[in-house]
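Listed here are the chains, written in short residue letters.
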Amino acid sequence: MASLPSGSRRARHAEVLAKVTELHQRAREAGWAYRFGRAVVLLGKALRLLDTALPESRQAVVLRIRILVSLGYTQAESGSLADGLARLDEAATHLDALPPGPRRAELDALVLNNRGLLLHRAGQIVEGIELFDAAVERLTEQDRIADPALLAGIHLNRGHAYIDLSQVVRSARDFERCLELCAEHGMDLVADKARHNLGYVAYLTGDLPTALRHYTQVERSYQVSTPGLLPALRLDQARALLSAGLATDAARHLDDVIPRLRAQRAGQDLAEAEVTRAAAALLDGRVTEARRLARSAERRFTQRGNTRWAAVAALAALRAETAAALAAPRIPRRLPEHAVKLADMLRALLLEDETGLALMLAVRLELRRGDPAAAELLLDQLPRQRSTTPLDHRMLLRLCRAELAVARGDRRRALTEARSGLVELGRARDRMGGLELVCGTAIHGQQLGDLAVRLVLDGPHRDARRLFGWLERTRAQVYRYEPLPTIDDPVLAEHVSSLRSLRRAAQQARLAGRVPRREEKQIVALEREVLRQGWYATPWGRPRPVASLAAVGTALGRRALVTFAVSGDELVAVVVVDARARLVRLESATETFEWVKRLHADLDTYAPNGLPPPIATVVGGSARRSADVVDERLVTPLAPVIGDRELVIVPTGPLYAVPWGSLPSLRGRPVVVAPSATAWLTADLADDSSGHVVLARGPRLRETIAEEQTLTRTYPSATLLPAASVNEVLAALDGASVAHLAAHGEHEPTNAMFSRLELADGPLFAYELARLAHPPRHVVLAACELAMHHIRPGDEALGFAGALLASGVRTVVAANSRVGDASAAATMVEYHQRVAAGERPAAALAAAVATDPLRRPFICLGAG
């Protein structure tokens, strides 16, 4: 075949180069979207097409190097490290075909950068950093920066490598330099990646609100420009939430991420997500699931040749196996030996925090085996913890030291370690942002708190005063914070408004007889977005000191405070009377909690006012028997101490479901329920100045519960909202003295801040009430069961009523079981008449409930 004329060859050459350049760009975009298989196909096609051009031309050589570099990265991500490095070796061989100068320096730096990136991703971090250093040197040895975008990318990659060495100062410096280059040269996507990584630096240093704010800002950009990067971002969001103890929320993020990463065939990120998901499952008590996920991740890392991450995954599996073993009757000998061997491997891989964790697991296992000497030797081998050591690791070290002290018979040392750990946990909590973050951290100190309580109860003197102090340090810490009411995020406000509209549409669909499947899917998706967009990161409040026994005793006056606590199956009460604390032992916690659950179920069944008489007789009789037994177990043993005093009760766990006014010994007696003595004291001392009264009513209430006419006569100057909208109610509640809210409500078990009241235009969320500048002093939730049933570790009681108390509402009256419409209306009428006549809320409610105690299970929360 005759050759093409030189002009035609040049035209053909230019045409091929243009097509190859287009294919390369499409492949890069596919790689950015984690579609690595598609990227490999496009890059192979580009290389084959390039062979038809003038292969020795400078343009073709430059393009071939760039394509091989891209192919190296995509093959390493979707296949093996060896394949990726082989492509980079091939790219390097073509550099000699280029003359010295800026272009060759740029391409040399490109190859070095990508080789460093692949080694870093494979766990060879020090070697990767050395290559990044060489790449920066090659780019900056010229009079001008050959490629600012490449230099910014190298700083980004090196900063990320420094993160994995926990060198956060160096990593932050690289990310800041990357941002400077991006601002100077208009590189928005790389800037977003740098901000993403600055969020990770904040996460490593324990500044979770800053981390989540960075992630939220970057997420909005990724959604528009690069959706393929969202799964990696969500993985980091989940890590931050997990660090705050929010296992369920972290799991929800990861369950959204993992299928996307599988679809993208993003092997490294997928395996990292499985390791994090395993940690979430373990924190949530699902040990078998945690081990399965960790082993799956370990296999993926091993297949990729990533020894470092495979060891991290093996540690996650060991953590699950240790949790199962500590709950079993005996510890197998092989398990602590395995932990020590894994620690040696992790130390060789320069994973200091992970080495410490493996040794601490071995320490706990040896202590359970009854060998404190071996445990002490292992404890001495722990690497020194750093500023970036995770909070749960720091708490575990305190626990190991405390348990070792117990094994040595040194109770004082054990309590000192527990106290120091809880102080450290408190400092970490004080840095948190949103209510959920403040609340979630309690789980990291739960074992320390439980150990301290057990030591006090097992001590020779069973010191009630000391137990009171420990309980106040360990429970309901979220109510220790003075809220800062600020929501200034317009995107968040828009999402909340959209969520309200969807909830309203779903409700209307149900009323029309249609199952709102589409709306429910949209609601779930939007709720996730609301959480991601900032509810976690919104600042919550300033910490207040824990209340002292002396301060509580003074504020009580003639009243008595009863704080319930559990250790194992032992249920006790600390009773504070006349500023003195006494300890009262009660019956089995397990059996008592079962009776409380039975009473709650009986009252739910007994609630409807129109029950047929035979059924009402049977159910009522069962409810009375349950109430009698609960009374005998919880109140009768306290009688010699409390006498006929008014009570402030601090429940624990299932005892939050007790309708105290329904118990025989407490009928007609003023009782206030509080999450902690500190929370009660804060509410009791809060401003109780007068203000306006609000009477608001939601939709779909039966006429029997519509007590507005009577209440209007009771409060003639009240603000009336008979068909209340959300904005109307929020505006009216700000600064109110009394707010009576008659509306259906619903707890949201997956996230307490989504608990809601149904108003005319949709739901009013607990979180919105919690951000009022001047919350109402006294709120009555008249038509629904919205007391504090959602109890998290550390007795952090959340829900609609809990959010109100945490936001500064002084007193909340709500039912903690179902209430019939007529009973609710009658209770409210009598209650408000007494309050308007000057009675305190607790006294007014006691009298109103005593009229029909089993059908009026309302409780007074807060100050009373």
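Our structure's up above, just so we're on the same page.
Residues numbered from 1 in each chain as written. Predicted model: local features only at pLDDT ≥ 70, side-chain atom pairs only at ≥ 80, totals over all residues. Heavy atoms only, no water.

Per the secondary structure count, the protein chain includes 36 helices and 18 strands. The C-alpha atoms of the protein chain give 32 Å as radius of gyration, which agrees with the globular expectation for 864 residues (29 Å, within 12%). Dimensions along the principal axes, computed over C-alpha positions, put the protein chain at roughly 110 × 65 × 50 Å. Evaluated residue by residue, the protein chain yields a buried proportion of 59% over its 864 residues. Across the protein chain, every contact between residues at least 6 apart in sequence was considered, and the portion connecting residues at least 24 apart equals 72%. Counting only carbon and sulfur atoms, one obtains 51% of the accessible surface of the protein chain, whose full area is about 34100 Å². (Helix = DSSP H or I, 4+ residues; strand = E, 2+ residues; numbered from the N terminus. Rg over C-alpha atoms; globule rule 2.2 N^0.38 Å. Buried < 20%, exposed > 50% of the residue type's maximum accessible area, 1.4 Å probe, protein only. Contact = heavy atoms within 4.5 Å. Areas by Shrake-Rupley, 256 points an atom, 1.4 Å probe, with all protein chains shown as cover.)

Okay, the sheet that holds strand β9 (residues 719-721) next. To summarise the sheet geometry, strands pair through backbone hydrogen bonds and adopt either a parallel or an antiparallel arrangement. In spatial order, the strands read β5-β4-β3-β6-β7-β18-β17-β14-β10-β8-β9; together these 11 strands make up an open sheet with mixed pairing. Only two strands of the sheet have a single partner each, and these edge strands are β5 (580-585) and β9. Each strand axis lies, on average, 20° off the axis of its neighbour in the sheet, ignoring direction. With five bridges connecting them, strand β17 (residues 811-815) and strand β18 (residues 858-862) associate as antiparallel partners. By the bridge assignment, A814 is partnered in β18 with I859. (Pairing = 2+ DSSP bridges. Axes fitted to C-alpha atoms, helices over the stretch in contact; angles between N-to-C directions.)

As a packed pair, helix α35 (residues 821-836) and helix α36 (residues 841-850) sit with axes 9 Å apart at the nearest point and diverge in direction by 145°. Every pair of crossing elements has a handedness; the one defined by α35 and α36 is right-handed. Contacts from T827, E830, Y831, R834 and V835 in α35 reach P841, A844, L845, A847 and A848 in α36. When its residues are assigned to classes, the contact of α35 with α36 shows seven nonpolar, one polar and two charged. (Left-handed = near helix turned anticlockwise from the far one by under 90°. Nonpolar A, V, L, I, M, F, W, Y, C, P; charged D, E, K, R; others polar.)

This part takes up the state of the cysteines. Two cysteines form a disulfide when their sulfur atoms are joined by a covalent bond. Under the defined criterion, the tally for this structure stands at zero disulfides. Looking at C182, it has no disulfide partner, and the nearest cysteine sulfur is the one in C178, 4.1 Å off. (Disulfide = S-S within 2.5 Å.)

What the rule picks out here adds up to 56 salt bridges. The shortest N-O distance in the salt bridge between R286 and E289 comes to 2.7 Å. R286 sits in the partly exposed class, given a relative accessible area of 30%. Connected through shared salt-bridge partners, D255, R277, D284, R286 and E289 make up one network. (Salt bridge = Lys/Arg side-chain N within 4 Å of Asp/Glu carboxyl O.)

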